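Residues per chain are reported as follows:
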Amino acid sequence: MRVAEAIGRGLVACGVRTCFGVVGSGNFHVTNALIDAGARFVAAAHEGGAATMADAYARTSGELAALSVHQGPGVTNALTGVAEAAKSRTPLVVLAPEATAARSNFRIDLASAATAVGATFHRVRAERVDEDVAHACRTAVAGAGRTVVLGMPLDVQAAPAGGDRPGTPPLPGGSPAAGSPAAGSPAAGSPAAGDRPPPPDPGGGPAPSADQVRALVELLRAARRPVFIAGRGAARGRERARTALAALAQACGALLAVSASAKGLFAGDPWYLDVSGGFASPLAAELISASDVVVAWGSSLNMWTTRHGRLIPRGTTVAQVDLEPGALGTHRPVDLGVVGDVVAVAEAVAAELSGHRATGWRTPEVGGRLAAGVRWRDVSYVDTSADGRIDPRTLTVALDDLLPDERTVAVDSGNFMGWPSMYLSVPDAAGSCFTQAYQSVGLGLASAIGAAVARPDRLTVAALGDGGFLMSVAELATAVRLGLPLLVVVYNDAAYGAEVHHFGPDEPLQTVTFPDTELARIGEGFGGVGLTVRSAADLAGVREWLASPRDRPLVVDAKITRIASWWLEEAFRGH
């Protein structure tokens with residue numbers, strides 16, 4: 001058996017069920033080995049799209065995913081998506097071939113490229129291929145998650161598995177085993193070379209300190225107006241985290257909020273404020289700001305979640321629970337840091353608080369206010385629809401009413417992003433795919449495709465700006481080829497709206513405004529269905545598509561009015 005085949009088989013044995021990518025000569029054999037071992041391969045139009053699909057698939061499914069690309073440009077094309085995944089701590093293994101010929105034009109310093117975008121780098125060895133693959137998978141799923149770039153030198157791929165690697169000039173990034181366990185010693189927790197590694201076990205991390213748990217217990221006993229903010233670290237625990245945190249919040253009278261990356265975690269709970277930060281509704285912001293204790297559960301409390309610190313004023317006691325000690329107090333000082341898995345800490349605190357019941361925020365008055373107006377769609381606004389353009393709020397509220405409750409919403413980056421992020425509800429944390437850690441425009445369509453592959457039982461909505469749609473439009477061919485019932489909603493203001501509203505009207509805007517483009521026709525050209533929307537009445541076409549067999553995507557070219565978003569004003573305060 002050659003190393004390339006062993007890599008593919010080893011990944012499947014470690015739990016990889018789906019791989020996204022673009023195949024070239026450097027990853028041809030390993031990709032086919034994955035397929036032969038039982039994995040599904042989804043071919044994308046571009047490596048950048050493939051990387052983002054794999055990222056979104058892993059987030060939505062909760063599974064370890066893989067990305068397979070060609071050496072050289074295949075790797076560099078994928079780097080933006082890999083950077084987003086790495087910053088989001090997505091469990092992902094990137095299969096990256098390495099050109100070994102000294103004068104190859106495909107040769108790059110792969111180890112440095114991976115490190116530069118925040119990924120972890122390992123290089124596979126012929127004599128220990130099973131160990132190296134298992135080690136990469138364990139690294140990806142352990143703790144808070146990692147994106148791992150697995151270097152696969154071309155000469156090693158062709159070598160016999162378990163044999164010695166042929167002599168070649170050293171590759172950039174150090175020795176042939178750079179980033180892997182030292183030669184001659186098995187990877188920690190992995191079997192001896194040649195044995196089939198077991199599926200990786202992400203584990204829950206170290207047990208929380210009893211002293212830290214007691215300190216958090218005392219803090220919550222004394223709290224009068226506590227708020228819990230759950231982040232990505234909690235959302236990764238899905239239903240277990242929701243159950244543990246909701247039970248603890250009930251015991252101490254806390255309100256429940258989330259960071260944008262954990263949207264939907266407490267959907268349906270009557271004490272749920274939805275997103276904290278720039279996306280917070282006026283009532284949510286009021287209540288969070290008036291709290292006396294804020295506990296962050298797997299949330300970094302960065303500037304987006306705290307509105308640059310203003311949402312949590314001085315005098316508020318802040319505690320932070322995180323699996324990694326280095327994450328505590330990174331973005332703002334905290335009064336109490338607790339190291340541990342979110343679920344384990346919440347359950348330990350609840351056990352210590354057994355029998356304790358506090359009203360806290362949970363009064364009939366607050367409950368009534370939340371029921372009447374915590375959602376953005378319940379906040380009144382002046383409809384700006386006019387001259388053949390629809391107000392983006394009017395558009396999104398109408399879509400929220402029209403679409404099935406069981407949905408996945410993937411949102412691209414741009415001025416428009418607040419409307420779908422906050423006006424479209426989602427049923428749970430898996431229903432929101434928010435690829436914004438790197439703030440790259442153009443990832444939304446591929447995110448939606450990855451999410452749709454992960455959850456074919458739900459309608460997937462891709463919410464994009466016109467700029468992001470045109471950046472990523474090639475992946476419409478992927479959606480059509482896969483027969484995905486994808487709803488692509490393009491908030492089309494014929495501009496890069498963030499720049500228009502940030503710099504205008506006192507600066508020249510010809511570089512960020514564009515002639516109107518008929519995007520629905522582009523959707524049809526790719527083999528999808530196209531619909532132009534200028535008023536709420538035009539959404540009847542969406543209703544007709546929903547009632548159809550839905551075997552191809554619908555591209556909605558929504559001609560929206562140019563209005564600045566509230567969240568953008570908050571975002572630019574930090575620059």
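This structure is a prediction, so every number in the text was calculated from the model and none was measured.

A. Representation of the nonpolar core in the model. Leu 216, Phe 228, Trp 297, Leu 395, Leu 487 and Val 542 are the most contacted members of the largest nonpolar core, which has 78 residues in total. Broken down by element, this core gets its largest block of residues, six residues, from helix H10 (residues 238-252). When neighbours within four sequence positions are excluded, Leu 395 is seen to be in contact with Ile 390, Val 489, Tyr 491, Val 533, Leu 539, Ala 558 and Ile 560. Ranked by size, the runner-up nonpolar core spans 51 residues in total, among them Tyr 57, Ile 449, Ala 462 and Leu 486.

B. Focus on the packing of helix H1 (residues 3-13) against helix H2 (residues 28-36). Remark: H1 packs on H2, axes separated minimally by 7 Å, with the N-to-C direction vectors making an angle of 40°. Viewed along their axes, H1 and H2 adopt a mutual orientation that is oblique. The crossing of H1 and H2 is right-handed. Contacts between H1 and H2 involve Ala 4, Glu 5, Ile 7, Gly 8, Leu 11 and Val 12 on the former and, on the latter, His 29, Val 30, Ala 33 and Leu 34. Taken together, the residues of the contact of H1 with H2 break down into seven nonpolar, two polar and one charged.

C. Highlighting the environment of Leu 301. Along the polypeptide, Leu 301 turns up in the loop between strand E10 (293-297) and helix H12 (303-306). Distance from Leu 301 to Thr 330, taken between C-alpha atoms, is 8.4 Å for residues 29 residues apart in sequence. Beyond its immediate stretch of four places on either side in the chain, Leu 301 contacts Ile 229, Ala 296, Thr 306, Ile 312, Val 318, His 331 and Arg 332.

D. Here's a closer look at the side chain of Glu 131. Along the chain, Glu 131 turns up in helix H6 (residues 129-141). Side chain to side chain, Glu 131 and Arg 128 meet in a polar contact 3.0 Å long.

Reading the values: rules and limits
Residues numbered from 1 in each chain as written. Predicted model: local features only at pLDDT ≥ 70, side-chain atom pairs only at ≥ 80, totals over all residues. Heavy atoms only, no water. Core = buried A, V, L, I, M, F, W, Y, C linked by side-chain atoms within 4.5 Å. Buried < 20%, exposed > 50% of the residue type's maximum accessible area, 1.4 Å probe, protein only. Helix = DSSP H or I, 4+ residues; strand = E, 2+ residues; numbered from the N terminus. Contact = heavy atoms within 4.5 Å. Axes fitted to C-alpha atoms, helices over the stretch in contact; angles between N-to-C directions. Parallel < 35°, antiparallel > 145°, perpendicular 65-115°, else oblique. Left-handed = near helix turned anticlockwise from the far one by under 90°. Nonpolar A, V, L, I, M, F, W, Y, C, P; charged D, E, K, R; others polar. Polar contact = N/O pair within 3.5 Å; in protein donor to acceptor, adjacent residues only side chain to side chain.

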